[in-house]
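Overview (structure and organization)
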Amino acid sequence: MDKVDDGSTNPVPLTVPFCFFEQTYTTLFVNSNGVVSFGVPVYQFTSDPFPLSDGRAFVAPFWTDVDITITGNVFYRESRNATLLQRASSDVHRYFELSSFYATWLYIATWDKVAYYGSSSSKVNTFQAVLISDGVIDFILLNYDVIEWTTGTTSGGDRSTGLGGTQAQAGFNSGGSSHYFSIPGSRTADILNVASTSNVNTPGVWAFRVDTFQSAGGCVYNGAFLPTGISFWNTTFCQYKCQCLNTGIITCQEQPCVSYETCKPVANYYSCQATDKKTCLASGDPHYTSFDGRYFNFQGTCTYLLSQLCRNNSNLTYFRVEAKNENRGNAVSWVKLVRVVTYGNEIVMSKGLSGQVYLNGDKVRLPVTLLGGNLKAYQTGFTVAVSTDLGLVVTYDGFSHTTVTLLPNYANSTCGLCGNLNSNSSDDFMTPNGTQASTEALFGKSWKVPDNDALCSDDYTAPTCTIQNQTLYNGSTYCGLMRLTTGAFASCIPVLSPENFVSGCIYDLCVTEGNQSTLCNALQAYTERCQALNVIVGQWRSSGFCSE
């Protein structure tokens, strides 16, 4: 592009028509302020939130006040280069699992080391939009390299930092009010970190199908990205529960909140939430957190009682939850199966049993609805859940992460490794004989349940972990990633403290000598717990980190 501020190209004719949100275009404009537009040029330097009300259709890899008269260039071209076409085709195959797609045309616009208006610093940004087509199906990739600033001075940014004010908008606008998308962090300080985010497990890459809009790695709802598997409600009355499928499609079915839940707004959607519910969890090697928040470690590989109704109460439904642990070699003890007994039925969730459970000894496919809906078993994301009409919810991720959730009406009526649910963590080591255990090991052993595993063991001595390794694993490239206030888990930290998850993660890495899959499992456990609380977690996986 010519070295002018707030500039735009003339209409650029396209040799292949490009379909964008079901509208076909034969020309486009490349605009210096981080926008590729259809129909009209965009000279505007301060971003507006999507959706726009004026009917403009454009792709905004980084819509903000770019000034290439200071430094940097904007490059653009059509391409039928065979090497680039093969690279684009491979990206589509990987991101969208469309193995039959082969690109025949590309349009590439690159903002290379560009400055912000009013800059008194050397900060620059490099980003790119790539349009891909085979003449029928169309895709767009947004690629981010170095992002060091977000705002020009006329938009309220600081002259020396390029931060603050009305910050950059990234995403798409269809030209109408119904189809649009904002990359998380748009028009906030978090957009500075866009090069570390992704919807395809590759930091700095966002991929979309745009002839009929589809986001790789998740779904788009009300302009926001939702990861695959997340569930939500789409109206203020929470009448219809929706789920983002791995096809990028959102499906909804009538499922209102149950009697102990209320409908509450969460981000761009709604959620059924119980008041003051308490959750006990077992995760990793395993590490336990009781209903009342007491954290402890116990590596027994037998079957143990997690929780049970232990006091007779005609107003409460009886339940019993057991967990069977196993030794998998690289770590001492992982949850192998979870058994739930309630309403005269037994439901078993077992490792590797995807989309199925054992119901009273018989393997059945999910979902399962019994007793007019009073007892259910169903898939939610990558987790299997069992729930009752009175607020018991038990989940198992099929690998190592288990939760038991109860309402306060069960207070002082439960026993087991999850404790007595009385808001007092100091008495959570109560054994079956009514005394307080003096150690974690004695407490864990006391809730052992007879099973058929003659080789299971309750005795284990944890290895020592050097100060150097503890410091390393506590760092932001390992377990400390969960507590970064500018990282993928930032939105969850105020809702669910990561400290117990970080402690368990450090412990497991010490046991497994820094095994990366152990770290990945720990991060996934915190992710799943955050998502269960209806918090969206950012992208922390990448092609070289926890990609499997």
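The structure this text deals with has already been given above.
This write-up is about the structure you can find in this document. In this numbering scheme, every chain counts its residues from 1 along its sequence in written order. Only residues with pLDDT of at least 70 get local features here, since the model is predicted, and only at 80 or more are side-chain atom pairs given and counted; chain-wide, interface and lining totals rely on the full set of residues. As a rule here, side-chain values come from all non-hydrogen atoms in the structure, and water together with hydrogens is ignored.

1. Quick word on the pairing of strand 26 (residues 334–342)
Note the following rule: DSSP-based pairing: two strands are paired if at least 2 bridges between them are found. Helix and strand labels come from DSSP, where a helix needs a run of H or I of at least four residues and a strand needs a run of E of at least two; each type is numbered from the N terminus.
Across eight bridges, the pairing between strand 25 (residues 319–326) and strand 26 is antiparallel. Across the sheet, the residue bridging to Glu 326 is Trp 334, located in strand 26. With six bridges connecting them, strand 26 and strand 27 (residues 345–350) associate as antiparallel partners. Within the sheet, the bridge partner assigned to Val 341 lies in strand 27 and is Glu 346. Between the end of strand 26 and the start of strand 27, which pair antiparallel, lie two residues, with Tyr 343 showing a positive phi angle near 50 degrees.

2. Looking at empty space enclosed by the protein
Definition in use: Put plainly, a pocket is an open set of points on a 1 Å grid over the protein atoms alone with protein on both sides within 12 Å along at least five of seven lines, a cavity is a set where a 1.4 Å probe fits but cannot get out, and a lining residue has an atom within 4 Å of a point. Grid points are joined across faces, edges and corners, and a volume is the space filled by probe spheres set on the points. By the convention adopted, Pro, Cys, Tyr, Trp, Phe, Met, Ile, Leu, Val and Ala count as nonpolar, Lys, Arg, Asp and Glu as charged, and the other residues, Gly among them, as polar.
In the structure shown here, the tally under the stated rule is one cavity of 30 Å³ or more. Approximately 140 Å³ is the volume attributed to the largest cavity. Around the largest cavity, the lining comprises 16 residues; the ones closest to its centre are Ser 283, Gly 284, His 287, Phe 501 and Gly 504. Of all the secondary-structure elements, those providing two or more residues to the lining of the largest cavity are strand 21 (278–283), strand 22 (287–289), helix 4 (499–511) and helix 5 (516–532). By residue class, the composition of the lining of the largest cavity is seven nonpolar, eight polar and one charged.

3. Examining the packing of aromatic side chains
This is how the line gets drawn: Centres within 6.5 Å are what make two rings of Phe, Tyr or Trp a pair, Trp counting through its six-membered ring; a difference in plane orientation under 30 degrees is then read as stacked, over 60 as edge-to-face, and the rest as tilted. Summary of the burial criterion: residues with accessible area below 20% of their type's maximum are buried, those above 50% are exposed, and those between are partly exposed, where the area comes from a 1.4 Å probe applied to protein chains only.
Enumeration according to the criterion identifies 34 aromatic pairs in this entry. Seen from their ring centres, Phe 20 and Phe 21 are 4.7 Å apart, and the 80 degrees between their planes marks the pair as edge-to-face. Phe 21 gets classed as buried once you look at its relative accessible area, which sits at 11%. Relative to Tyr 526, the ring of Phe 489 has its centre 5.2 Å away and its plane inclined at 40 degrees; by these criteria the two rings are tilted. Of the two residues, Phe 489 is situated in the loop between helix 3 (467–473) and helix 4 and Tyr 526 in helix 5; the sequence distance between them amounts to 37 residues.

4. Describing the state of the cysteines
Worth spelling out the cut-off: The disulfide definition used here is simple: a pair of cysteine sulfur atoms within 2.5 Å.
Taken as a whole and assessed by the stated rule, the structure comprises 11 disulfides. The disulfide partner of Cys 479 is Cys 505, and the gap between their sulfur atoms is 2.0 Å. The sign of the -75 degrees torsion about the S-S bond sets the Cys 479-Cys 505 disulfide as left-handed. Linking Cys 479 in the loop between helix 3 and helix 4 with Cys 505 in helix 4, this pair joins segments that are 26 residues apart in sequence. Here Cys 479 falls in the buried class, since its relative accessible area comes to 0%. In this model, Cys 520 is linked to Cys 546 through a disulfide, with the two sulfur atoms separated by 1.9 Å. Handedness of the Cys 520-Cys 546 disulfide follows from its S-S torsion of about -90 degrees: it is left-handed. A residue pair is termed long-range when its members are at least 10 positions apart, and Cys 520 in helix 5 and Cys 546 in the segment after helix 5 qualify at 26 residues. Note on Cys 546: relative accessible area 4%, which makes it buried. Cysteine Cys 19 shares no disulfide, and the gap to the nearest cysteine sulfur, in Cys 219, comes to 20 Å. Classification of Cys 19 by relative accessible area gives buried; the value is 15%.

5. Side note on the sheet that holds strand 1 (residues 12–20)
Spelled out, the test is: With axes taken as lines fitted to C-alpha atoms, and helix axes fitted only over the stretch in contact, angles between N-to-C directions fall between 0 and 180 degrees.
In space, the six strands of this open sheet follow the order 1-2-3-4-10-11, with antiparallel pairing throughout. On the outer flanks of this sheet lie strand 1 and strand 11 (180–182), each paired with one strand and no other. Pairwise comparison of adjacent strand axes, ignoring direction, gives a mean angle of 25 degrees for this sheet. Where strand 2 (residues 23–31) and strand 3 (residues 35–38) come together, three bridges link them in antiparallel fashion. Looking across to strand 3, one finds that Asn 31 is bridged to Val 35.

6. What to know about the sheet that holds strand 33 (residues 393–396)
The antiparallel open sheet is built from eight strands, whose spatial order is 23-22-21-34-33-32-31-30. The open sheet has two free edges, formed respectively by strand 23 (295–297) and strand 30 (368–370), since each of these has just one partner strand. Strand-to-strand, the axes of this sheet are offset by a mean angle of 15 degrees, without reference to chain direction. Pairing analysis gives six bridges linking strand 31 (residues 375–380) to strand 32 (residues 383–388), with the strands arranged antiparallel. If you follow Leu 375 over to strand 32, its bridge partner there is Thr 388.

7. Remarks on the packing of helix 4 against helix 5
Spelled out, the test is: In this scheme, roughly parallel covers angles under 35 degrees and roughly antiparallel covers those over 145, while 65 to 115 is roughly perpendicular and the rest are oblique. Handedness of a crossing follows from how the near helix is turned relative to the far one, being left-handed for an anticlockwise turn of less than a right angle and right-handed for a clockwise one. Whether two residues are in contact is decided by their heavy atoms, any of which lying within 4.5 Å being enough.
One way to put it is that helix 4 packs onto helix 5 with a least axis distance of 9 Å and a crossing angle of 160 degrees. With respect to helix 5, the axis of helix 4 lies roughly antiparallel. When you trace helix 4 past helix 5, the crossing you get is right-handed. Facing Phe 501, Cys 505, Asp 508 and Leu 509 of helix 4, the residues of helix 5 in contact are Thr 518, Leu 519, Ala 522, Ala 525, Tyr 526 and Arg 529. When grouped by side-chain class, the residues that make up the contact of helix 4 with helix 5 number seven nonpolar, one polar and two charged.

8. Some words on the pattern of salt bridges
Cut-off, in case you're wondering: Here, a salt bridge means any Lys or Arg side-chain nitrogen found within 4 Å of an Asp or Glu carboxyl oxygen.
Taken as a whole and judged by the stated rule, the model has 13 salt bridges. The salt bridge partner of Arg 339 is Glu 322, with a shortest N-O separation of 2.6 Å. Linking Arg 339 in strand 26 with Glu 322 in strand 25, this pair joins segments that are 17 residues apart in sequence. We classify Arg 339 as partly exposed; its relative accessible area is 24%. For Glu 346, the salt bridge goes to Arg 339, with nearest N and O atoms at 3.4 Å. Residue Glu 346 is classed as partly exposed on the basis of its relative accessible area, which comes to 27%. Taken together, the shared-partner salt bridges in this structure form one network comprising Arg 320, Glu 322, Arg 339 and Glu 346.

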